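An overview of the molecular structure
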Amino acid sequence: TPTVAERNMVETELKNLVVKWGSTKPHFSIRRRISREIQYRNLLRFYMLIDYGAMRRSEVWALKRENIDLDERKIHIIEKEGEDAGTNMRGKPFQVSFTPKSGRPDFVIIDDYLYKFLVEDEGLRNPEEQWYIDKGDGSNYYSNPMQLSDAMSKFLKKLGIHVVGQANHWFR
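Let us look at the structure shown here. Everything numeric here is computed off the predicted structure, so don't read it as measured data.

Describing a positive patch on the surface
A contiguous patch of positive charge, built from Lys20, Arg36, Lys154 and Lys158, is present on the exposed surface. Topologically, Arg36 is positioned in helix H2 (residues 36-51).

This is the structure in structure tokens:
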């Protein structure tokens, strides 16, 4: 289990990298090659939901923006069966299939800290974005959930706090 200091370090470093690679205005890439700002912003989005929302990797990967209800302060976790998810980094179409671990629709309550983050994040979104983890063009950033784990593992190694096999469960 990470310490409070390690959790704070992860969140702070991700926020700093978003600022470093970003600008005062949101940056939306129309090329297949995605900016580092978008890469780090998506990793921050992932971290916020696994740490503050106790969500699973696949739940975050399969989450569409329309399933985040800020008025009700709920994130709805629903099944997806072969849903078009846009194009991968090579421009090839892919789909999202996901079943909640409980086998039925579920939801996560959004606490005050996560709510503030989600409201601010929503204000930075390109209107075309459909997925919570989006490339900026309506495509899911990752073509499979394992890529989220790989990205978080790489980031935690960079910080010197990686625990083998625990890139996601470490925060839950």
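Comments concerning the nonpolar core
When a protein is soluble and globular, its nonpolar side chains tend to lie buried together. Ile75 and Tyr132 are the most contacted members of the largest nonpolar core, which has 41 residues in total. In terms of residues, this core owes the most to one element, H2, which gives nine residues. Apart from the residues lying within four places of it in its own chain, the contact partners of Ile75 are Leu49, Met55, Leu63, Asn67, Ile68, Asp106, Phe107, Val108, Ile110, Leu114 and Leu118.

Quick word on empty space enclosed by the protein
In the structure shown here, the tally under the stated rule is one cavity of 30 Å³ or more. Lining the largest cavity we find Met55, Glu59, Ala62, Leu63, Asn67, His76, Ile77, Ile78, Lys80 and Phe98. By residue class, the composition of the lining of the largest cavity is six nonpolar, two polar and two charged.

Notes on unusual backbone geometry
Excluding glycine, most residues fall at negative phi; most peptide bonds, likewise, are trans. At Ala54, a position not held by glycine, the phi torsion is positive, near 50°. Classification of Ala54 as partly exposed rests on a relative accessible area of 39%.

Quick word on the packing of helix H1 (residues 4-21) against helix H5 (residues 146-159)
In contact at an axis separation of 11 Å, H1 and H5 are set at 100° when each is read in the N-to-C sense. Taken as axis vectors, H1 and H5 run roughly perpendicular relative to one another. When H1 is examined against H5, the residues Met9, Val10, Glu13, Leu14 and Leu17 are found in contact with a partner set consisting of Phe155, Leu156, Lys158 and Leu159. For the contact of H1 with H5, the residue count by class is seven nonpolar, no polar and two charged.

Regarding the packing of H2 against H5
Relative to each other, H2 and H5 sit at 95°, their axes nearing to 11 Å. With respect to H5, the element H2 is oriented roughly perpendicular. Where H2 abuts H5, its residues Tyr40, Leu43, Phe46, Tyr47 and Ile50 lie against Leu148, Ala151, Met152, Phe155 and Lys158. Of the residues belonging to the contact of H2 with H5, the class tally is nine nonpolar, no polar and one charged.

Observations concerning the sheet that holds strand E2 (residues 74-77)
Within the open sheet, the three strands sit side by side as E1-E2-E5. Their pairing is antiparallel. Every other strand in the sheet has two partners, leaving strand E1 (68-69) and strand E5 (106-109) as the edge strands with one partner each. Where E2 meets E5, four bridges bridge the pair, whose relative direction is antiparallel. Looking at the pairing, Lys74 lines up with Ile109 of E5.

Observations concerning the packing of aromatic side chains
One pair of aromatic rings is described through two measures. These are the centre distance and the angle between the planes. The final tally for this structure, using the stated rule, is three aromatic pairs. Here Tyr47 and Tyr52 contribute two aromatic rings whose centre-to-centre distance is 6.5 Å and whose plane-to-plane angle is 90°, an arrangement assigned as edge-to-face. Note on Tyr52: relative accessible area 26%, which makes it partly exposed. Here the aromatic rings of Tyr52 and Tyr113 are separated by 4.8 Å at their centres, their planes lie at 45°, and the arrangement is tilted. Highlighted residues: Tyr52 in the loop between H2 and helix H3 (57-61) and Tyr113 in helix H4 (residues 112-123), separated in sequence by 61 residues. Among the aromatic residues, those joined into a cluster by ring pairs are Tyr47, Tyr52 and Tyr113.

Thresholds applied
Residues numbered from 1 in each chain as written. Predicted model: local features only at pLDDT ≥ 70, side-chain atom pairs only at ≥ 80, totals over all residues. Heavy atoms only, no water. Patch = residues over 30% accessible without salt bridge, like charges linked within 9 Å, V, L, I, M, F, W, Y side chains within 5 Å. Areas by Shrake-Rupley, 256 points an atom, 1.4 Å probe, with all protein chains shown as cover. Salt bridge = Lys/Arg side-chain N within 4 Å of Asp/Glu carboxyl O. Lys, Arg positive; Asp, Glu negative; His and termini not counted. Charge placed at Lys NZ, Arg CZ, Asp CG, Glu CD. Helix = DSSP H or I, 4+ residues; strand = E, 2+ residues; numbered from the N terminus. Core = buried A, V, L, I, M, F, W, Y, C linked by side-chain atoms within 4.5 Å. Buried < 20%, exposed > 50% of the residue type's maximum accessible area, 1.4 Å probe, protein only. Contact = heavy atoms within 4.5 Å. 1 Å grid on protein atoms, 1.4 Å probe; cavity = no way out; pocket = protein on both sides within 12 Å on 5 of 7 lines; lining within 4 Å. Points joined across faces, edges and corners; volume = space filled by probe spheres on them. Nonpolar A, V, L, I, M, F, W, Y, C, P; charged D, E, K, R; others polar. Axes fitted to C-alpha atoms, helices over the stretch in contact; angles between N-to-C directions. Parallel < 35°, antiparallel > 145°, perpendicular 65-115°, else oblique. Pairing = 2+ DSSP bridges. Phe/Tyr/Trp six-rings, centres within 6.5 Å; stacked < 30°, edge-to-face > 60°.

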